[in-house]
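# An overview of the molecular structure
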Amino acid sequence: MNKISDNANRIMVIGGAGYIGSHVVKHLVKSGSDLVVFDNFSSGHRDNIVPGVEIIEGDILNEAELDNAMSKKIDAVIHLAAFKDAGESMEEPSKYAINNITGSLNILKQMSKHNVKYIVFSSSAAVYGYPEYLPVDENHPLKPENYYGYTKLVIEQNIEWFSRLGDIHFANLRYFNAAGYDVEGVIRHKESNPGNLIPIVFEVAAGIREKVIVFGNDYDTKDGTGVRDYIHVDDLADAHLKSLDFILKDNSTTLNLGTGEGYSVLEVIRMVEELTGKTIAVDIAPRRRGDCAELIAKSLCADEILGWKPKYSTLKQIIESMTCVYI
């Protein structure tokens, strides 16, 4: 893996102790980059940060802590700090407004103050809402159906405005469904209270939860359950490094990160059962507000612009990488 451009002497990974952040940090360390992790450890784990990386404990809602961290000659920011439970965001929107939107504006304010010109932002396919066509490309209308997706869209828009007004360069990365664990087996600390399907299924397989609640089995899909595009976290980490290298040449971009393949909830459950030998108890519940039947990415721009393609993101590869952690 090549070192990130010499334009970035120091990279600050905000949320670098989290699930995706820790994988990004590991890839950056392997690239030879100089970096600092900024995290409040509300959900992240110190054990997942590669030894030797400088850690600053702080919160994006605390401007003084951000100010202090960015005073350490930061050249670029990778921003992964956010609440991400779409269902919860519909019940507690103010919590998501304060943390996701206000916290991100604090980051942009401190970037301006300290003349930090580059940011890679962890966005989401939730900005699209119900798909008007499939697969979803970057030109799809932006109509989020849950408040979490709305916060991501607002942050994207503010980053674009700051870019116009303050000469910063950005990559807004719209993830589809992140899953899997470090293929080299270094990062093994499980997520705390996961809200996504695959880790929940694994918690049932491991005896941590009693059952999986499937929200809706009456969608117009192959088996009535929702279909999603799953992307391995190591492939996401690789995309962050490639995106950073791209924007350090004074470019900006907004990209989908997915595989173009969709799997239903029941297909995921059956695959986990097959690869673990465990029986997964399931309860069917009504559909949740904000959930669509099917969401699949078109990620050709990431290939054309970054030369990025998923390497570890078949459903079998994803589940095998998680079996080593949970079972």
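In this text, all values refer to a predicted model and were calculated from it rather than measured experimentally.

### Thoughts on the packing of helix α1 (residues 19-30) against helix α7 (residues 233-247)
Geometrically, a packed helix pair is captured by the angle between its two axes and the distance between the axes. Between α1 and α7, the shortest axis-to-axis distance is 9 Å and the interhelical angle comes to 60°. Relative to α7, the element α1 is oriented oblique. In terms of crossing hand, the pair formed by α1 and α7 is right-handed. Contacts between α1 and α7 pair Y19, I20, H23, V24, H27 and L28 from the former with V233, D234, L236, A237, D238, H240, L241 and L244 from the latter. Its residues assigned to classes, the contact of α1 with α7 shows nine nonpolar, three polar and two charged.

### Some points on α7
Across its 15 residues, α7 extends 21 Å between first and last C-alpha, which sits within 8% of the 21 Å expected from 1.5 Å per residue. Of all the 15 residues making up α7, twelve are buried; the element is thus mostly covered by neighbouring parts of the structure. All buried positions along α7 are accounted for by V233, D234, D235, L236, A237, D238, A239, H240, L241, S243, L244 and I247.

### What to know about unusual backbone geometry
Each neighbour pair has its own omega, and for L134 with P135 the value is -10°, a cis peptide bond. Mapped onto the elements, P135 comes out in the loop between β5 (118-124) and α5 (147-166). Phi is positive for D167, close to 60°, though the residue is something other than glycine. Looking at the element boundaries, D167 is found in the loop between α5 and β6 (169-175).

### Re the packing of helix α8 (residues 265-276) against helix α10 (residues 315-326)
Where α8 meets α10, the axes come as close as 10 Å, and the angle between the chain directions of the two elements is 55°. Relative to α10, the element α8 lies oblique. As for the relative orientation of α8 and α10, their crossing is right-handed in sense. Along its contact with α8, which presents E267, V268, M271, V272, L275 and T276, the element α10 presents L315, K316, I319, E320 and T323. For the contact of α8 with α10, a count of residues per class yields six nonpolar, two polar and three charged.

### Regarding the environment of F83
As for its position among the elements, F83 is in the loop between β4 (76-79) and α3 (86-91). A relative accessible area of 27% places F83 in the partly exposed class. With sequence-adjacent residues up to four places away left out, F83 is seen in contact with K95, Y96, N99, N100 and Y148.

### Comments concerning the pattern of salt bridges
Summed over the entire model, instances satisfying the criterion amount to 19 salt bridges. Between D67 and K113 there is a salt bridge; the shortest N-O distance is 2.7 Å. Highlighted residues: D67 in helix α2 (residues 63-70) and K113 in helix α4 (residues 93-113), separated in sequence by 46 residues. What makes D67 partly exposed here is its relative accessible area of 21%. Residues R287 and D218 are paired through a salt bridge, measuring 2.9 Å at the closest nitrogen-oxygen approach. Of the two residues, R287 sits in the loop between β13 (282-285) and β14 (294-295) while D218 sits in the loop between β8 (212-215) and β9 (227-228), which places them 69 residues apart along the sequence. Since its relative accessible area comes to 45%, R287 is described here as partly exposed. On the basis of relative accessible area, D218 is assigned to the exposed category, the value being 52%. One continuous salt-bridge network, built from bridges that share partners, spans K26, K30, D182 and E184.

### Things to note about the side chain of H169
Relative to the elements of secondary structure, H169 occurs in strand β6. Judged by its relative accessible area of 13%, H169 falls in the buried class. Separated by 3.4 Å, the side chain of H169 and the backbone oxygen of D250 make a polar contact. With residues up to four places along the chain from it excluded, the contact list for H169 reads K117, Y118, I119, I247, D250, N251 and S252.

### Things to note about the nonpolar core
Formed by 62 residues in total, the largest nonpolar core has its most connected members in I20, L28, I198, V212 and L244. With 22 residues, the next largest nonpolar core counts M12, I14, I107 and F121 among its residues.

The rules behind the values
Residues numbered from 1 in each chain as written. Predicted model: local features only at pLDDT ≥ 70, side-chain atom pairs only at ≥ 80, totals over all residues. Heavy atoms only, no water. Axes fitted to C-alpha atoms, helices over the stretch in contact; angles between N-to-C directions. Helix = DSSP H or I, 4+ residues; strand = E, 2+ residues; numbered from the N terminus. Parallel < 35°, antiparallel > 145°, perpendicular 65-115°, else oblique. Left-handed = near helix turned anticlockwise from the far one by under 90°. Contact = heavy atoms within 4.5 Å. Nonpolar A, V, L, I, M, F, W, Y, C, P; charged D, E, K, R; others polar. Expected span 1.5 Å × (residues − 1). Buried < 20%, exposed > 50% of the residue type's maximum accessible area, 1.4 Å probe, protein only. Salt bridge = Lys/Arg side-chain N within 4 Å of Asp/Glu carboxyl O. Polar contact = N/O pair within 3.5 Å; in protein donor to acceptor, adjacent residues only side chain to side chain. Core = buried A, V, L, I, M, F, W, Y, C linked by side-chain atoms within 4.5 Å.

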